[in-house]
Amino acid sequence: MKSICVYCGSSFGNQPVYAEAARAMASEMVENNIELVYGGGKVGLMGVIADEILKLGGKATGVIPQALMDKEVGHTGLTHLHIVQNMHERKALMAELAEGFVAMPGGIGTLEELFEILTWSQLGFHQKPIGVLNVDGFYDGLIAFLQAQVRHGFVKPEQAELMLHATTAPALLQRLQNFVPKQSTKLRDALDAQQLFK
């Protein structure tokens with residue numbers, strides 16, 4: 001794996017453990033010669049992980065909409081910085097550039113990015129590994145909710161398994177590297193269901 005897209009907060013959160021985890025993820029990525037792909041910001045955890053990657057001699061590629069550059073939140077010291085027109089282009093290019101995905105603690109935008117890339121995976125649009133770094137139990141509720149969706153019949157067990165998770169950066173990277181994609185049945189099942197109503 002040569003590149004990972006990291007989704008994370010443009011805020012620091014209210015505990016120092018989040019920034020510490022971002023630096024730990026950066027260290028693990030550089031040690032494994034993995035390039036960072038991310039949203040291109042210089043603020044919050046986004047800035048922390050990018051700065052640490054660069055400090056340790058790694059490569060960081062940012063993708064940011066022009067509107068956010070205009071607000072002066074873009075990181076201008078990156079290895080590569082792609083400025084795009086909108087959020088849709090941003091997410092599409094990040095997905096194209098990355099060979100895997102990690103969600104660290106963050107807000108609504110982080111969750112939106114995570115679930116979009118999970119949706120693309122379950123539909124078979126890509127077969128890249130996706131994981132969440134469950135820092136200090138941050139994602140416990142989300143992991144439990146995904147299992148509730150399985151119990152209620154809205155998500156299949158194999159679809160829930162697409163969201164890998166671990167509590168440390170080394171463990172999560174190992175899970176990503178060991179990931180073996182399965183053929184998606186979501187789209188086929190949806191098409192089969194449509195046939196029933198014809």
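Provided above is the structure to which this section pertains.
Cut-offs used in this document
- Numbers given to residues run from 1 along each chain, matching the order in which its sequence is written.
- Totals for whole chains, interfaces and linings use every residue, but because this is a predicted model, local features are given only for residues with pLDDT of at least 70 and side-chain atom pairs only at 80 or more, for both listing and counting.
- As a rule here, side-chain values cover all heavy atoms of the structure and leave hydrogens and water aside.
- In DSSP terms, a helix is any run of H or I states spanning at least four residues, a strand is any run of E spanning at least two, and both are numbered starting from the N terminus.
- An expected span of 1.5 Å times one less than the residue number is assigned to each helix.
- Relative accessible area decides the class of each residue, using a 1.4 Å probe on protein chains only: under 20% of the type maximum gives buried, over 50% gives exposed, and in between gives partly exposed.
- The contact rule is simple, with two residues in contact once any of their heavy atoms fall within 4.5 Å.
- Helix axes are fitted only over the stretch in contact, all axes being lines through C-alpha atoms; the angle between N-to-C directions runs from 0 to 180 degrees.
- Crossings are classed by handedness, with left-handed meaning an anticlockwise turn of the near helix from the far one by less than a right angle and right-handed meaning a clockwise turn.
- All residues other than Ala, Val, Leu, Ile, Met, Phe, Trp, Tyr, Cys, Pro, Asp, Glu, Lys and Arg, Gly among them, are scored as polar; the first ten of these are nonpolar and the last four charged.
- Using a grid of 1 Å spacing that covers the protein atoms alone, one calls a set of points a cavity when a 1.4 Å probe fits there but cannot get out, and a pocket when the set is open and has protein on both sides within 12 Å along at least five of seven lines; lining residues are those with an atom within 4 Å of a point.
- Grid points are joined across faces, edges and corners, and a volume is the space filled by probe spheres set on the points.
- By convention a nonpolar core is built from buried Ala, Val, Leu, Ile, Met, Phe, Trp, Tyr and Cys residues, the set being connected through side-chain atoms within 4.5 Å.
- A side-chain nitrogen of Lys or Arg and a carboxyl oxygen of Asp or Glu constitute a salt bridge if their distance falls within 4 Å.
- These descriptions rest on fixed angle ranges, namely under 35 degrees for roughly parallel, over 145 for roughly antiparallel, 65 to 115 for roughly perpendicular, and the rest for oblique.

Draft legend 1. Geometry of helix α6 (residues 140-151). Here α6 spans 17 Å end to end across twelve residues, near enough to the 16 Å set by a 1.5 Å rise per residue. Residues of α6 that are buried include every one of L142, I143, L146, A148 and V150, and no others. Next to the buried residues of α6 lie α5 (108-122), α7 (157-160) and β7 (163-166). Of the residues flanking the end of α6, it is G153, one or two places downstream, whose phi is positive at about 85 degrees.

Draft legend 2. Seen up close, the packing of helix α1 (residues 16-31) against helix α2 (residues 44-55). Two numbers describe how α1 lies on α2: the axes approach to 8 Å, and their chain directions differ by 35 degrees. Two packed elements cross with a definite hand, and for α1 against α2 that hand is right-handed. Here α1 contributes Y18, A19, A22, R23, M25, A26, M29 and V30 to the contact with α2, which in turn contributes L45, V48, I49, E52 and I53. Grouping the amino acids of the contact of α1 with α2 by side-chain chemistry returns eleven nonpolar, no polar and two charged.

Draft legend 3. Representation of the layout of surface pockets in the model. One number sums up the size of the largest pocket: a volume of about 440 Å³. Surrounding the largest pocket, 29 residues form its lining, C8, G9, S10, M46 and T110 being those nearest its centre. Listing elements by their share of the lining of the largest pocket, those giving two or more residues are β1 (3-7), α2, α4 (87-97) and α5. A total of four residues in the lining of the largest pocket trace back to one element, the largest contributor, which is α5. Of the residues assigned to the lining of the largest pocket, the class counts are 16 nonpolar, ten polar and three charged.

Draft legend 4. Spotlight on unusual backbone geometry. A positive phi angle, near 55 degrees, is found at N33, a position not held by glycine. Within the secondary structure layout, N33 lies in the loop between α1 and β2 (35-38). Backbone geometry places D136, a non-glycine residue, at a positive phi of 55 degrees. Note that D136 resides in the loop between β6 (130-133) and α6. The exposed category is assigned to D136, whose relative accessible area is 62%.

Draft legend 5. Examining the nonpolar core more closely. Counting 57 residues, the largest nonpolar core has V6, M25, M29, L36, I49 and M104 as its most contacted members. Ignoring any residue separated from it by four or fewer positions in sequence, one finds V6 in contact with M29, L36, V37, Y38, I49, V102 and M104.

Draft legend 6. Region of the structure containing the pattern of salt bridges. Going through the model one piece at a time under the given rule, you end up with three salt bridges. With its nearest N and O atoms 2.5 Å apart, the salt bridge here joins E112 to K91. Residue E112 is located in helix α5, and its partner K91 is located in helix α4; the two are separated by 21 residues in the primary sequence. For K91, the salt bridge is made with E116, and the minimal N-O distance between the two is 3.4 Å. Here K91 is found in helix α4, whereas its partner E116 is found in helix α5, with 25 residues between them in sequence. Note on K91: relative accessible area 10%, which makes it buried. On the basis of relative accessibility, which here comes to 22%, the residue E116 falls in the partly exposed class.

Draft legend 7. Highlighting the packing of α1 against helix α8 (residues 169-178). Packing of α1 against α8 brings their axes to within 9 Å, and their N-to-C directions diverge by 50 degrees. Between α1 and α8, the angle is such that the two are oblique. The two elements α1 and α8 meet at a crossing, and its hand is right-handed. Packed against α1, whose contacting residues are A24, M25, E28 and M29, the element α8 presents A169, P170, L172 and L173 at the interface. For the contact of α1 with α8, the per-class residue count stands at seven nonpolar, no polar and one charged.

So yeah, pure geometry; function would need other evidence.
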